Amino acid sequence: VKPMTPRCTVPKAVPVGKTASLHCHENEGYPKSTYSWYRNSEPLSPDTKSNAKFQNSSYTLNPTTGTLVFHAVHKGDTGRYSCIATNDAGFAKCEEQEMEV
């Protein structure tokens, strides 16, 4: 079963240095969906250590739960965030939402 449009929760504004939690979830898809996050239409790597572009980012992304947590946000984390739920039957994307730091 193809995933439904996921419900995305993105904080509107977060002070520099604070924690920000972004959530993405849908429960219609079967098999269970995995989640990927995008900032300004660029995919965020789930593994920040192996990707040089994201080594300065302080986030953890859990593709199973759809949770994206920034441990200490900085100005560069400002942007439009969206999430895609994917399974064997297809994918669905939530609306982009702005997060300001």
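Residues numbered from 1 in each chain as written. Predicted model: local features only at pLDDT ≥ 70, side-chain atom pairs only at ≥ 80, totals over all residues. Heavy atoms only, no water.

In the nomenclature of an unreviewed UniProt entry, the chain corresponds to JAM3 protein from the organism Haliaeetus albicilla. Checking UniProt for the chain, the heading Sequence similarities (unreviewed entry) contains the comment "Belongs to the immunoglobulin superfamily." (UniProt positions renumbered as here; feature names shortened; annotations may be inferred.)

A. Broad picture of the environment of Asn40. In this structure, Asn40 sits in the loop between strand 3 (34-39) and strand 4 (42-43). Sequence separation between Asn40 and Thr78 is 38 residues, and the spatial gap between their C-alpha atoms is 9.3 Å. Among all residues touching Asn40, those that are not within four sequence positions of it are Thr78, Gly79 and Arg80. (Helix = DSSP H or I, 4+ residues; strand = E, 2+ residues; numbered from the N terminus. Contact = heavy atoms within 4.5 Å.)

B. Broad picture of the state of the cysteines. Under the counting rule described, the total for this entry stands at 2 disulfides. At a sulfur-sulfur separation of 1.9 Å, the disulfide partner of Cys24 is Cys83. The disulfide joining Cys24 to Cys83 has a torsion of about -80 degrees about its S-S bond and is therefore left-handed. Of this pair, Cys24 sits in strand 2 (residues 20-25) while Cys83 sits in strand 7 (residues 79-87), placing them 59 residues apart in sequence. The exposure class assigned to Cys24 is buried, which follows from its relative accessible area of 1%. (Disulfide = S-S within 2.5 Å. Buried < 20%, exposed > 50% of the residue type's maximum accessible area, 1.4 Å probe, protein only.)

C. Main features of the nonpolar core. Grouped together as the largest cluster of nonpolar side chains are 20 residues, with contacts concentrated most on Leu22, Trp37, Leu68, Phe70, Tyr81 and Met99. Where this core is concerned, the elements lending two or more residues are strand 2, strand 3, strand 5 (59-62), strand 6 (67-70) and strand 7. (Core = buried A, V, L, I, M, F, W, Y, C linked by side-chain atoms within 4.5 Å.)

D. Molecular detail of the pattern of salt bridges. As enumerated under the stated definition, the model contains 2 salt bridges in all. A salt bridge links Arg39 to Asp77, with the nearest nitrogen and oxygen atoms 3.6 Å apart. Placement of Arg39 in strand 3 and of Asp77 in the loop between strand 6 and strand 7 is noted, with a sequence separation of 38 residues between them. The partner of Glu96 in a salt bridge is Arg80, and the shortest N-O contact between them spans 2.8 Å. Of this pair, Glu96 sits in the loop between strand 8 (90-93) and strand 9 (97-99) while Arg80 sits in strand 7, and the two are 16 residues apart along the sequence. (Salt bridge = Lys/Arg side-chain N within 4 Å of Asp/Glu carboxyl O.)

E. How the structure looks around unusual backbone geometry. With omega at -5 degrees, the peptide bond leading from Tyr30 into Pro31 counts as cis. Within the secondary structure, Pro31 is located in the loop between strand 2 and strand 3. In this structure, Asn40 is a non-glycine residue whose phi angle is positive, near 50 degrees. Within the chain, Ser41 stands out as a residue other than glycine whose phi angle is a positive 70 degrees. Tracing the chain through its elements places Ser41 in the loop between strand 3 and strand 4.

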